[in-house]
Amino acid sequence: MRTNGMLIAIDGTAGTGKSSVGKAVAAKLGYGFLSTGEMYRALAYKVFEKHIEPEDHDAVLEAARQLRFTFARQPDAALKMYVDGEYLGDKLRLEEVGNVASRVSTNGEARRVLTDKMRAVGEDGGIVMEGRDVGTVVFPDAEIKFYLDASAEERAKRRVNQLKEAGQHADYGQILKMIEERDWRDSHRAVSPLKPADDAVVIDTSNLNLQQVTDAVLEKIQHYAS
Ligand code: DC
């Protein structure tokens, strides 16, 4: 066991509730919660801000090297992320930032730079880490690994509801197309493609609500720990 407890990996496609489930599980266990996608989104944000082409390999790598992350544990278990001393908050949640994140995340060398930063945060355990390759690449030795999936249609529906609740415009057809494109890119990239680790517990969340997924995850963890 690590100094502060287990390293729990939750990977899967976008919009499967990984973050909400991960946060709920971490709070229950008294662990920290880190979304590694936020780190790719931070890189995307900087790339966008600096007018770098997401496919410009060397410039994206340099931007990744320059990123300085610091984290502050929140009462709800989440690790609040500061990028070069600044909290970027909702700016990272924009669809455009997500799309650039998916493009810069095909850069293998930039991935290695971010992966090292993730390892530094998680190596002592006591953390739930959510992403795409936490169980396969970042921490292949994670104590327990989950892979959440759901149909693209169900995920698009959930995203539309989220946006509507936030008072934003949402077009189902456009969102479905973006989800399908992002899935394709995430699972076909040469480096660390999105796929379940061989030893991951796979959960299809299409017909489950958040509480049911959280309960299923906690049950497996208790089983592992006993
Ligand atoms: O989970 P998210 O939507 O915030 O992630 C944004 C993008 O970052 C996603 O399209 C793929 C990339 N990503 C990745 O390649 N590896 C991770 N561990 C996490 C995210």
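Preceding block: the structure.
Note that this is a predicted model, so its numbers are computed, not measured.

Draft legend 1. Focus on the site of the ligand. The environment of the ligand is formed by 16 residues, the closest being Thr-36, Arg-41, Arg-111, Arg-132 and Asp-133. Between an oxygen atom of the ligand and a side-chain N or O atom of Arg-111, the distance comes to 2.7 Å. In the model, an oxygen atom of the ligand is placed 3.2 Å from a nitrogen or oxygen of the Asp-186 side chain. Burial of the ligand by the protein amounts to 96% of the accessible area it has alone, namely 440 Å². The greatest single-element share of the shell around the ligand, amounting to four residues, is contributed by helix α2 (residues 36-49). Taken together, the residues that form the shell around the ligand break down as two nonpolar, five polar and nine charged.

Draft legend 2. Region of interest: the pattern of salt bridges. Applying the stated criterion across every chain, the model contains 19 salt bridges. The salt bridge partner of Arg-2 is Asp-141, with a shortest N-O separation of 3.5 Å. With Arg-2 in the segment before β1 (7-12) and Asp-141 in the loop between α6 (134-138) and β7 (144-149), this pair connects stretches of sequence that are 139 residues apart. Notably, a salt bridge pairs Arg-65 with Glu-62, separated by 3.9 Å at the nearest N-O pair. Of this pair, Arg-65 and Glu-62 are both found in helix α3 (residues 57-66), three residues apart, which corresponds to roughly one turn of the helix. Judged by its relative accessible area of 35%, Glu-62 falls in the partly exposed class. Each of the salt bridges in this network shares a partner with another, and the network as a whole consists of Arg-2, Asp-141 and Glu-143.

Draft legend 3. Representation of the pairing of β7 in the model. Within β7, five of the six residues are buried, leaving the element largely enclosed by the surrounding structure. Note: β1 against β7, five bridges, orientation parallel. Residue pairing across strands places Gly-12 opposite Leu-148, the latter belonging to β7. Pairing of β7 with strand β8 (residues 201-204) involves four bridges; the strand directions are parallel. Looking at the pairing, Asp-149 lines up with Asp-204 of β8.

Calculation rules
Residues numbered from 1 in each chain as written. Predicted model: local features only at pLDDT ≥ 70, side-chain atom pairs only at ≥ 80, totals over all residues. Heavy atoms only, no water. Near = heavy atom within 4 Å. Polar contact = N/O pair within 3.5 Å; in protein donor to acceptor, adjacent residues only side chain to side chain. Areas by Shrake-Rupley, 256 points an atom, 1.4 Å probe, with all protein chains shown as cover. Helix = DSSP H or I, 4+ residues; strand = E, 2+ residues; numbered from the N terminus. Nonpolar A, V, L, I, M, F, W, Y, C, P; charged D, E, K, R; others polar. Salt bridge = Lys/Arg side-chain N within 4 Å of Asp/Glu carboxyl O. Buried < 20%, exposed > 50% of the residue type's maximum accessible area, 1.4 Å probe, protein only. Pairing = 2+ DSSP bridges.

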